[in-house]
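# Analysis of the macromolecular model
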Amino acid sequence: MDLFEYMRNTNMEKEAPLAARLRPKTLEEVVGQQHIIGKDKLLYRAIKADKLSSIILYGPPGTGKTTLAKVIANTTSAEFTQINATVAGKKDMEEVVKEAKDRQGMYGKKTILFIDEIHRFNKGQQDYLLPFVEDGTVILIGATTENPYFEVNGALISRSIIFELKPLDLEDVKTLIRRAVYDNEKGMGAYEAEIEEDALEFLAGLSGGDARHALNAVELGIMTTRRSEDGKIHITVEVAQECIQKRVLRYDKTGDNHYDVVSAFIKSMRGSDPDAAVYYLARMLYAGEQVSFITRRLMICASEDVGNADPNALQVAVSASLAAERVGMPEAQIILAQAVAYVACAPKSNAAVAAIGDAWKTVEETGNLPVPIHLQDSHYKGAAKLGRGVGYQYAHDYPNHYVKQQYLPYELSGREFYRPSGNGYEIKIKEHMAKIKKEAD
């Protein structure tokens, strides 16, 4: 590195965006992602021991993929090289591979190649890397916002370990915002700014787990806000609103308004009003409610209020939860709206709620009643001699795959817990059960 390149790099570090300046240099400084870099986790141990194999980091924007790569660069004894698939081509990779071979042959030193946006490489470009990843010429770190199982060559996938990064939770983002405002070394502490608690909550909630989004707003706020009479820059919720160009809704996540909106959301789905349900969904999303919180309520409603009147409702809700997590905001709002509208329009039944409620109460009242002996396990040693399983009738040997026999404990003979409603698919369930019981008489 010559003097001019050194000066250029130094100036870039000073003038880089806040999000870039705040990037940690060690694993201990990393906020969030403890499911993969906690002290007992594989990736943490591999980085600390400098024994990293090829990996692919997969997750939404702003979750720390490049940050982890930079931490590895600061930790490893190997040569660290970075390229971006949006601008790099095969020639760039050929140069990296040539240098890696020379370095390995002359000095016995490994090369780590970090490819940001690896999904942007076409199949031919990805194929080119295969033999060099295979023989250890380079250790690959790929970063992608897209599902690698769809966007990355299957052969590269088989030679790599995939680590999925999750959107940062609210407290993680708040930690990073505080660090940005008050840290004198990497942050903007020298500006003597203060951020009010409601502004902190607003920015963290609105970030959707994307730390970069929140930090950009903080930097803009500090750089454009005049000092108050006390000589300090105050980041209020009004300032935060201007920086992120979004109106603040009254939606305290720990207060009454929060629970009122959530309650209205659930009751609108239960009451088969898709318009109101989607409206309250929009209220929550606009105010920065976590998608995971919304999808939990959606799945509960699909079972509690729809149940077997439309068994597909739970499948739709679960699929929406997974899809929204994979896709992230803002597109996830479409997925959620589709699922919320489906659950709201579905026929309703709370028969499952009544069934488990009655069964639970019965268990509390009667305790551990003996299981009928013909239903007991007959496979363990000595079971046959004790009569376990004797007399059991195999349902598939009978018409309609049904045979009358005692399933409940004898003390509860004749008790009913699940009573299908007269709505939706439960009509068919009720008719089917009546038919097979009648024909078995």
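Residues numbered from 1 in each chain as written. Predicted model: local features only at pLDDT ≥ 70, side-chain atom pairs only at ≥ 80, totals over all residues. Heavy atoms only, no water.

## Here we look at the packing of aromatic side chains
For the coordinates displayed, the defined rule picks out three aromatic pairs. A ring pair is formed by tyrosine 128 and phenylalanine 132, whose centres lie 5.2 Å apart and whose planes are at 55°; its orientation type is tilted. Of this pair, tyrosine 128 and phenylalanine 132 both sit in helix α7 (residues 123–134), four residues apart, which is roughly one turn of the helix. Residue tyrosine 128 is classed as buried on the basis of its relative accessible area, which comes to 18%. Using a relative accessible area of 12% as the deciding quantity, one classes phenylalanine 132 as buried. Seen in terms of ring centroids, tyrosine 279 and tyrosine 280 are 5.0 Å apart; in terms of plane orientation they differ by 70°. Their pairing is edge-to-face. Of the residues examined, tyrosine 279 reaches a relative accessible area of 43% and is grouped as partly exposed. Judged by its relative accessible area of 22%, tyrosine 280 falls in the partly exposed class. (Phe/Tyr/Trp six-rings, centres within 6.5 Å; stacked < 30°, edge-to-face > 60°. Helix = DSSP H or I, 4+ residues; strand = E, 2+ residues; numbered from the N terminus. Buried < 20%, exposed > 50% of the residue type's maximum accessible area, 1.4 Å probe, protein only.)

## A few points about the confidence of the model for the protein
The pLDDT averaged across the protein works out to 86; a share of 92% of its residues lies at or above 70. Per-element averaging of pLDDT across the protein places helix α1 (residues 3–15) at the bottom with 49 and helix α18 (residues 332–345) at the top with 95. The model gives residues 1–12 a pLDDT under 50, and that stretch makes two contacts with residues more than four places away or in other chains. In this model, residues 247–256 is a region of pLDDT below 50 whose contacts with residues beyond four sequence positions or in other chains number 25 contacts. (pLDDT = per-residue confidence, 0-100. Contact = heavy atoms within 4.5 Å.)

## Things to note about the side chain of aspartate 172
Mapping aspartate 172 onto the fold places it in helix α10 (residues 170–182). Here aspartate 172 sits buried without a salt bridge, and the closest side chain of opposite charge, arginine 179, lies 8.9 Å off (N-O distance). In this view, aspartate 172 contacts Val31 and Gly32; residues no more than four positions away in its chain are not counted. (Lys, Arg positive; Asp, Glu negative; His and termini not counted. Salt bridge = Lys/Arg side-chain N within 4 Å of Asp/Glu carboxyl O.)

## Focus: unusual backbone geometry
Residue proline 330 is reached from methionine 329 by a cis peptide bond, and omega for that bond is 10°. You can see proline 330 is positioned in the loop between α17 (312–327) and α18. One non-glycine residue, glutamine 33, lies in the positive phi region at around 60°. Relative to the assigned elements, glutamine 33 resides in the loop between α2 (18–21) and α3 (34–37). According to the relative accessible area criterion, glutamine 33 is buried, its value standing at 7%.

## Re the nonpolar core
Grouped together as the largest cluster of nonpolar side chains are 33 residues, with contacts concentrated most on Ile177, Ile195, Leu203, Val218 and Ile222. Among all residues touching isoleucine 195, those that are not within four sequence positions of it are Ile177, Val181, Tyr182, Leu200, Leu203 and Ile235. Judged by nonpolar contacts, the second largest core, of 27 residues, contains Met269, Leu281, Ala313 and Ala320. (Core = buried A, V, L, I, M, F, W, Y, C linked by side-chain atoms within 4.5 Å.)

## Here we look at the packing of helix α12 (residues 211–224) against helix α13 (residues 237–244)
It is at 9 Å that the axes of α12 and α13 come closest, and there the two elements cross at 115°. The angle between the axes of α12 and α13 places the two elements in the roughly perpendicular class. Crossing hand, α12 versus α13: right-handed. Contact residues: α12 offers His213, Ala217, Leu220 and Gly221, while α13 offers Val239, Cys243 and Ile244. A class-by-class count of the residues in the contact of α12 with α13 yields five nonpolar, two polar and no charged. (Axes fitted to C-alpha atoms, helices over the stretch in contact; angles between N-to-C directions. Parallel < 35°, antiparallel > 145°, perpendicular 65-115°, else oblique. Left-handed = near helix turned anticlockwise from the far one by under 90°. Nonpolar A, V, L, I, M, F, W, Y, C, P; charged D, E, K, R; others polar.)

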